[in-house]
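Understanding the architecture of this molecule
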Amino acid sequence: MRAAGGEENREGERRRLPKLKNPAKIWKNRKQQNHKHNADDELDREEEQQREEQLEEVSRKLILREEQLFSQDSPCELEVDQLQKDFEALRLQISMAVHNTFTSSSSFSSSSSSSSSPSSGQLEVLRSAVASIQQQEVQDRRWTGSLEEQVPEWRPQKFQSAHHGLLQKMVESRLMKASEEDCGGAEGLSSPVKRQVCCMGRRVKEDLLTVVRTVKDCYPPQVDIMNLYAGLYHQNFSSRLTELAAAGLEADDCGYLLFWTNHCYPHDILNHEELQGNIKTACLGSLLLQDQLDRLEDQYLSHKEDKVKLWLNAALRRDEQSWTSSAPELIDQYCFSPLAVDVIQVMDSSLNELSCVIRDQSKAQRITAHLEIFLSSYKKSVEEFVKGNHRNVCSVIKAQLVCELQFRDYITTMTGSLSEEQRCRCVNTLSALKDCGYRCLTAPIHTQLKVCFTHLWTSVWLDGSLPVVDSLLDSLNQQLMDLTDLKPDCRQALLSVLHQDVVLKYVKRMMKSRMKSREQQVGGAQRMIEDTRKFNEFFNERGCSESLWLGELLCSLAEIVRLQDPGSIQLEMVSVARRFPDLSDAHVSALLSLKTGLTAADVRSIRRSVEENRLADVSTNHNPLFFSKVKVKWINNKINQMGLKT
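Residues numbered from 1 in each chain as written. Predicted model: local features only at pLDDT ≥ 70, side-chain atom pairs only at ≥ 80, totals over all residues. Heavy atoms only, no water.

1. Comments concerning the overall build of the protein
Helix and strand counts for the protein come out as 24 helices and two strands. The contacts of the protein with a sequence gap of at least 6 include a subset with a gap of at least 24, amounting to 77%. Of the accessible surface of the protein, which amounts to about 34,300 Å², a share of 50% is contributed by carbon and sulfur atoms. (Helix = DSSP H or I, 4+ residues; strand = E, 2+ residues; numbered from the N terminus. Contact = heavy atoms within 4.5 Å. Areas by Shrake-Rupley, 256 points an atom, 1.4 Å probe, with all protein chains shown as cover.)

The structure is reproduced here in C-alpha cells:
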C-alpha cells in the first residue's frame, strides 16, 4: 500500500511539477500554429473571394442555361427547379456583396457599424455583383413581350429593384445603429439628443465620402449610385430629425438640431470638397419641412432673445454699481470700463451662433433690437448719473466715452445683422451719449469761453490791448490737463469738437457785432486772421489736424469782413456757399449786415448770386456742417426792417 501510495505521490509530484520546456521552442511552435491558422483563414477568404468574384460569370452561365432550357419545347422540370435554386443562390451572393459595401475586410468579425473603406478585393466582388445585376436586368427586358407560358416563372427577376430595396434597409440600419452608439467627438455634447444627431450626421458624411471615393466606380453611370445613396441618406436622416423635432425639444437641443439642418448638413456635408458637384443638392431640399423649421427657429429665437436681454441688463447693472462704489479701472493709465467689451462679446457670440442656426439672417434683427434697447437704457443711466453731481463723475464719464467709441466702431462695421434704420437709431443714441459726456467734461471750458468772448469786437480786442484769445487758450490749456487720463482717441475727438465749439462761438459773436467804419472792418479782419492762426496752432499741437478746415473758414469770413468792393464780396460769398452748403440765406444776410457800406441793391444782388451759384449736387461736398449750428433767426426781423427781401 505504501509503495502504491508512494507511486501515487510521485505521480502527483510529476503532475504538479511538469518538466520545463525550451521557451524558444514554445514560441516557435506557437508561431507555426498561428501561421497555420492564419494561412487557413486566408485560404478560406481567398476561396470565398474567388467564388464571389465569379458572380458575373455565374450570372452569365445561368442566363445561357436559361436560354438553352427554355428553347426546348418541354423543359425538364428537374433542370428548371435546379436552375431556379441556382438563381436564388446568385441573388443571395449578390445581396451579401452589396451588404458588405461599408465593411472593410479587417472588420468582418467586428460588431462595430462604423464606416470603413472596403478592400480592393471587396470592391472587385461588388463590381462583379453590380455587373450581374445589369445582366439580369437585360435578361428581364429580353423576356418582355414573350408569351406567358414561355417565360420562366422567376422572370422578371427585378434584381435592380431588390438592390435598391436592400440599400434602403442598409441606410436605415446604419443610421439606427449610429443613433444608438457613441461616435468619436460626441462625448462632450451635453444631451442625448445632441449626441444622437451628431452621430447620425457623421455617419451620413462618412458613408457618402466612402461612396464617392470607392463605391461609385463599381457602378455604371446610368445607375447614378452617388445620388441614389445621397437621396436615401437624406430621406432617412430627415425622418429621424423630424421624429426628434415632433417629440418636443429643449431650447439648446432645438438650436443644435437647427445647426445641423441649416449649416452642417448643407455646408459641411453636401458641399464637402469631395462631394461638391457629385450630388444634385437642389433635388434634396431641406431636412425639415418649412413649417417645422419656422416653429423650431421661433422657439430658438425666443429663447436666445430672453438670454441676450438678461445678459445685457446684468452687464449694465454691474457697471452702474461700479460707478458709485469704486473708481474706474485704469488700463495704460487711461480710464476704462469693461461694459462695451462684455456687451460686444455677448452680441458677437449670439449672432455668430445664429448665423449658423437660422436660414433668414434678417431674423437676427430680433437679437440686435435688444442692443438698440440696451443702448437707450445705457444713455439714460449715464445722463442720470451726470445729473447726480457725483464726486467721481469726470473719471466715470471718461471711461464711458471709451465704451461709446467701442460701441460706435462695432455698430458702424456690423454687416447683415442690423437694418439701416436700427443702425441709424443706435448711432444717434451714441451721439447723444457722447454729447452728454462732452458737456460734462467741457462745462468749465464753456463757462470760460462765454466770459472771454464778450470782449470780441470791442476796442480793446481791436487794438490788441486785451489778449482775448491768448487768455482763453492759456485757460484752456490748464483745464485740458484734467483730460490726461482720457484715452487718446477719445481725447482727440473731444478736442476736435471743442475746436469747433470755440469757432462757432467766435463766429456767433462776430455776426452780432457792428463795425461801422472801414478801418474797424479791416482791423477786425486782421485780428481774425491772427486769432485763427493761434487757434490752429493750439489745436494742431494737440493732434486735431482734421479740424483745421475751421481755420480756412475763419480766414474766408475775415476776407468778407475786409473787402469793401461789392463785386469782390459777392465772389467771396459765393465761394463760401459752395464750400459750405449749409450756409443759408439768413446767414448770408447776417454776414452782409456787417458791411455798413453796402446798399440795399448790393445786398439783394449778392444774395441772388449766392442762390444761383450754389452747388447743384451737395453730396459731392465733404465738408462738415457748420453754419446750420449758428442760429440767426434774429436776422429775419432785420431783413424786414431794412426792406432787403429779394
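Here the narrative resumes, following the displayed structure.
2. Observations concerning the packing of aromatic side chains
A complete count under the given rule lists 20 aromatic pairs for this structure. Ring centres of F70 and W154 lie 5.6 Å apart, and the angle between their planes is 80 degrees; this geometry places the pair in the edge-to-face category. Pair noted here: F70 is in the loop between α3 (55-69) and α4 (77-99) and W154 is in the loop between α5 (120-143) and α6 (159-180), with a separation of 84 residues, a long-range link. As far as burial versus exposure is concerned, F70 and W154 are alike and both buried. Ring plane angle 90 degrees and centroid distance 5.7 Å describe the contact between Y506 and F535, whose orientation is recorded as edge-to-face. One end of the pair, Y506, is in helix α18 (residues 488-511); the other, F535, is in helix α19 (residues 518-541), with 29 residues separating them in the sequence. The ring of W143 has R142 lying over it, and the distance from NZ or CZ to the ring centre is 5.0 Å. Above the face of the F538 ring, R542 is positioned so that its terminal group lies 3.8 Å from the ring centre. (Phe/Tyr/Trp six-rings, centres within 6.5 Å; stacked < 30°, edge-to-face > 60°. Buried < 20%, exposed > 50% of the residue type's maximum accessible area, 1.4 Å probe, protein only. Lys NZ or Arg CZ within 6 Å of the ring centre and 35° of its normal.)

3. Remarks on the packing of helix α21 (residues 566-579) against helix α23 (residues 600-612)
Between α21 and α23, the least distance of the axes is 9 Å, while the angle of their chain directions is 30 degrees. The angle between α21 and α23 falls in the class roughly parallel. Judged by the twist between their axes, the crossing of α21 over α23 is right-handed. Contacts between α21 and α23 involve P566, I569, Q570, M573, V574 and A577 from the first element and D602, S605, I606, S609 and V610 from the second. (Axes fitted to C-alpha atoms, helices over the stretch in contact; angles between N-to-C directions. Parallel < 35°, antiparallel > 145°, perpendicular 65-115°, else oblique. Left-handed = near helix turned anticlockwise from the far one by under 90°.)

4. Details of a positive patch on the surface
Together, K508, R509, K512 and K631 make up a positively charged patch on the protein surface. Here K631 shows up in the loop between α23 and α24 (634-642). (Patch = residues over 30% accessible without salt bridge, like charges linked within 9 Å, V, L, I, M, F, W, Y side chains within 5 Å. Salt bridge = Lys/Arg side-chain N within 4 Å of Asp/Glu carboxyl O. Lys, Arg positive; Asp, Glu negative; His and termini not counted. Charge placed at Lys NZ, Arg CZ, Asp CG, Glu CD.)

5. Digging into the nonpolar core
In globular proteins that are soluble, nonpolar side chains generally tend to be buried together. Among the nonpolar cores identified, the biggest contains 176 residues, and Y229 and Y378 are the most heavily contacted of them. No other element matches helix α15 (residues 420-453), which puts 12 residues into this core. Apart from residues no more than four positions distant in its own chain, Y229 is found in contact with T101, F102, L167, M170, V171, L208, V211 and V215. (Core = buried A, V, L, I, M, F, W, Y, C linked by side-chain atoms within 4.5 Å.)

6. Examining the pattern of salt bridges
A full pass over the atoms with the stated rule returns 30 salt bridges. With a shortest N-O distance of 2.8 Å, E297 and R359 are connected by a salt bridge. Highlighted residues: E297 in helix α11 (residues 290-325) and R359 in the loop between α12 (339-357) and α13 (365-387), separated in sequence by 62 residues. Judged by relative accessible area, R359 falls into the partly exposed class, the value being 35%. Note that K534 is salt-bridged to D470, the shortest N-O span being 3.2 Å. A residue pair is termed long-range when its members are at least 10 positions apart, and K534 in helix α19 and D470 in helix α17 (residues 468-480) qualify at 64 residues. Each of the salt bridges in this network shares a partner with another, and the network as a whole consists of D294, E297, R359 and K363.

7. Description of helix α20 (residues 549-562)
The end-to-end C-alpha distance of α20, which contains 14 residues, comes to 20 Å, matching closely the 20 Å that a straight helix rising 1.5 Å per residue would cover. Burial within α20 is extensive, with 10 of its 14 residues counted as buried. Taken together, the buried positions of α20 are W549, L550, G551, L553, L554, S556, L557, A558, I560 and V561. Structurally, α20 contributes buried residues whose contacts are with α18, α19, α21 and α22 (585-592). (Expected span 1.5 Å × (residues − 1).)

8. Focus on the confidence of the model for the protein
Per-residue pLDDT for the protein has a mean of 85; in total, 86% of the residues score no lower than 70. Per-residue pLDDT stays below 50 along residues 1-31; that stretch engages in one contact with residues further than four places along the chain or on separate chains. (pLDDT = per-residue confidence, 0-100.)

9. Quick word on the side chain of Q292
Position of Q292 among the secondary structure elements: in helix α11. What makes Q292 buried here is its relative accessible area of 13%. A distance of 2.9 Å separates a polar side-chain atom of Q292 from the backbone nitrogen of L289. (Polar contact = N/O pair within 3.5 Å; in protein donor to acceptor, adjacent residues only side chain to side chain.)

10. Some words on the packing of α18 against α19
The contact between α18 and α19 brings their axes to 11 Å, and the two run at 170 degrees. When the interaxial angle is binned, α18 and α19 end up roughly antiparallel. Contacts between α18 and α19 pair L495, L498, H499, V502, Y506 and M510 from the former with R527, M528, D531, F535, N536 and F539 from the latter. In terms of residue class, the contact of α18 with α19 is built from eight nonpolar, two polar and two charged. (Nonpolar A, V, L, I, M, F, W, Y, C, P; charged D, E, K, R; others polar.)

11. Description of the side chain of S381
Along the chain, S381 turns up in helix α13. In this structure S381 touches L316, E320 and W323, once residues within four positions along its chain are discounted.

12. A closer look at α13
Over its 23 residues, α13 runs 33 Å from end to end, which matches the ideal 33 Å to within 8%, given 1.5 Å per residue. Backbone geometry just downstream of α13 places N389 in the positive-phi region, at approximately 55 degrees.

13. Here's the deal with the environment of G543
Topologically, G543 is positioned in the loop between α19 and α20. Between the C-alpha atom of G543 and that of L495, which follows or precedes it by 48 residues, the distance is 8.5 Å.

14. Here's the deal with unusual backbone geometry
Cis peptide bonds are those with omega within 30 degrees of zero, and the linkage from R155 to P156 qualifies with 0 degrees. Tracing the sequence through the fold places P156 in the loop between α5 and α6. With a phi angle near 50 degrees, D224 is a residue other than glycine that sits in the positive phi range. Mapped onto the elements of the fold, D224 is located in the loop between α7 (192-213) and α8 (225-246). Residue N389 is not a glycine yet carries a positive backbone phi of 55 degrees. Its place among the elements puts N389 in the loop between α13 and α14 (393-413).

15. A few points about the environment of Q333
Tracing the sequence through the fold places Q333 in the loop between β1 (329-331) and β2 (334-336). Sequence spacing of Q333 and K487 is 154 residues, and the spatial spacing of their C-alpha atoms is 8.5 Å.

16. Examining the environment of S59
With respect to the helices and strands, the residue S59 is situated in helix α3. Overall, the relative accessible area of 0% leaves S59 in the buried class. A C-alpha to C-alpha distance of 7.5 Å links S59 and Q136, two positions 77 residues apart in sequence. A polar side-chain atom of S59 sits 2.8 Å from a polar atom in the side chain of Q136.

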